[in-house]
Amino acid sequence: MRKKVTILSLLLIFTVFSSVHALSWAINFVVWKGKVYEVKQAEPIKNNRIGHVIGQVKTKPDDMTGEYYGNASNFYPIGTKYYEIKGVSTSHVIAIKHDNQWVKAIYVYKAPFHIMNLLTNPMFIFSIPLLALILIGFIFRVKKLRIHT
């Protein structure tokens, strides 16, 4: 009987303490080309300063770990577009449309490395067949040299 009570108590404790936890972010951010930009909703931009679309939100951070990769945002939904601001380098500031007004997103730091950044990079994907051909060629060359020696 004591074993059953102990097991039931442990099971109850694990059930209660394993509830879902979500991160609370200190800032709203977007990630573009490996850079994290803090969105300053209190700093609107006039329509005539908005340039071309330069990217969009494609992924969301993991609510449990906080990890993210690619063009991500912890606040804006997937599909939200990023825009250049005329006369300002995109390496410092970009624009986001928020509640029918344009707001600044200011560069704060380089995004942390995530393996998915590499695996989803088109250059990496296209280089795999080339690397395979080089490896096959190397193997054949080594075998050919062994046959002749």
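Residues numbered from 1 in each chain as written. Predicted model: local features only at pLDDT ≥ 70, side-chain atom pairs only at ≥ 80, totals over all residues. Heavy atoms only, no water.

A count of helical and extended segments in the chain gives three helices and six strands. Taken from N to C terminus, the helices and strands of the chain fall in the order α-β-β-β-β-β-β-α-α. In the chain, buried positions account for 24% of the 149 residues. Contacts spanning at least 24 positions in sequence make up 63% of the contacts within the chain whose residues lie at least 6 apart. Carbon and sulfur atoms provide 65% of the accessible area of the chain, an area that totals close to 11100 Å². (Helix = DSSP H or I, 4+ residues; strand = E, 2+ residues; numbered from the N terminus. Buried < 20%, exposed > 50% of the residue type's maximum accessible area, 1.4 Å probe, protein only. Contact = heavy atoms within 4.5 Å. Areas by Shrake-Rupley, 256 points an atom, 1.4 Å probe, with all protein chains shown as cover.)

A few words now on the packing of aromatic side chains. Two aromatic rings, taken as a pair, are described by how far apart their centres are and by the angle between their planes. Evaluated as defined, the whole model comprises five aromatic pairs. With centroids separated by 6.0 Å and ring planes inclined at 70°, the aromatic side chains of Tyr 37 and Tyr 107 adopt a geometry described as edge-to-face. Here the residue Tyr 37 occupies a position in strand β2 (residues 35–45), and Tyr 107 occupies one in strand β6 (residues 101–110), the gap between them amounting to 70 residues. Following the ring pairs from residue to residue traces out a cluster consisting of Trp 32, Tyr 37 and Tyr 107. The cationic tip of Lys 35 hangs over the ring face of Tyr 107; the distance from NZ or CZ to the ring centre is 5.5 Å. (Phe/Tyr/Trp six-rings, centres within 6.5 Å; stacked < 30°, edge-to-face > 60°. Lys NZ or Arg CZ within 6 Å of the ring centre and 35° of its normal.)

Next up on the list: the sheet that holds strand β4 (residues 81–85). Judged by pairing direction, the sheet is antiparallel, and its six strands sit side by side in the order β1-β2-β6-β5-β4-β3 without closing on themselves. Looking at which strands have only one partner, the edges of the open sheet turn out to be β1 (29–32) and β3 (50–56). Put simply, the sheet's adjacent strands are angled 40° from each other on average, direction ignored. With eight bridges connecting them, β2 and β6 associate as antiparallel partners. By the bridge assignment, Pro 44 is partnered in β6 with Val 103. (Pairing = 2+ DSSP bridges. Axes fitted to C-alpha atoms, helices over the stretch in contact; angles between N-to-C directions.)

Note that Asn 74 resides in the loop between β3 and β4. Among the residues examined, Asn 74 registers a relative accessible area of 15% and is labelled buried. Reaching out from Asn 74, the side chain makes a polar contact with the backbone oxygen of Ile 27 at a distance of 2.8 Å. Polar contacts involving the side chain of Asn 74 include one to the main-chain amide nitrogen of Phe 29, which spans 2.8 Å. (Polar contact = N/O pair within 3.5 Å; in protein donor to acceptor, adjacent residues only side chain to side chain.)

Turning next to the pattern of salt bridges. Per the counting criterion, the structure on display carries two salt bridges. Linking Glu 38 and Lys 40 is a salt bridge whose minimum nitrogen-to-oxygen distance equals 3.5 Å. The exposure class of Lys 40 is partly exposed, given its relative accessible area of 27%. Between Lys 104 and Glu 43 there is a salt bridge, and its shortest N-O distance comes to 3.7 Å. (Salt bridge = Lys/Arg side-chain N within 4 Å of Asp/Glu carboxyl O.)

The next subject is unusual backbone geometry. In this model, Asp 99 sits at a positive phi of 50°, which is unusual for a non-glycine residue. Of note, Asp 99 is situated in the loop between β5 (93–98) and β6. Not every positive phi belongs to a glycine, and Asn 100 is a case in point at roughly 60°. Mapped onto the secondary structure, Asn 100 falls in the loop between β5 and β6.

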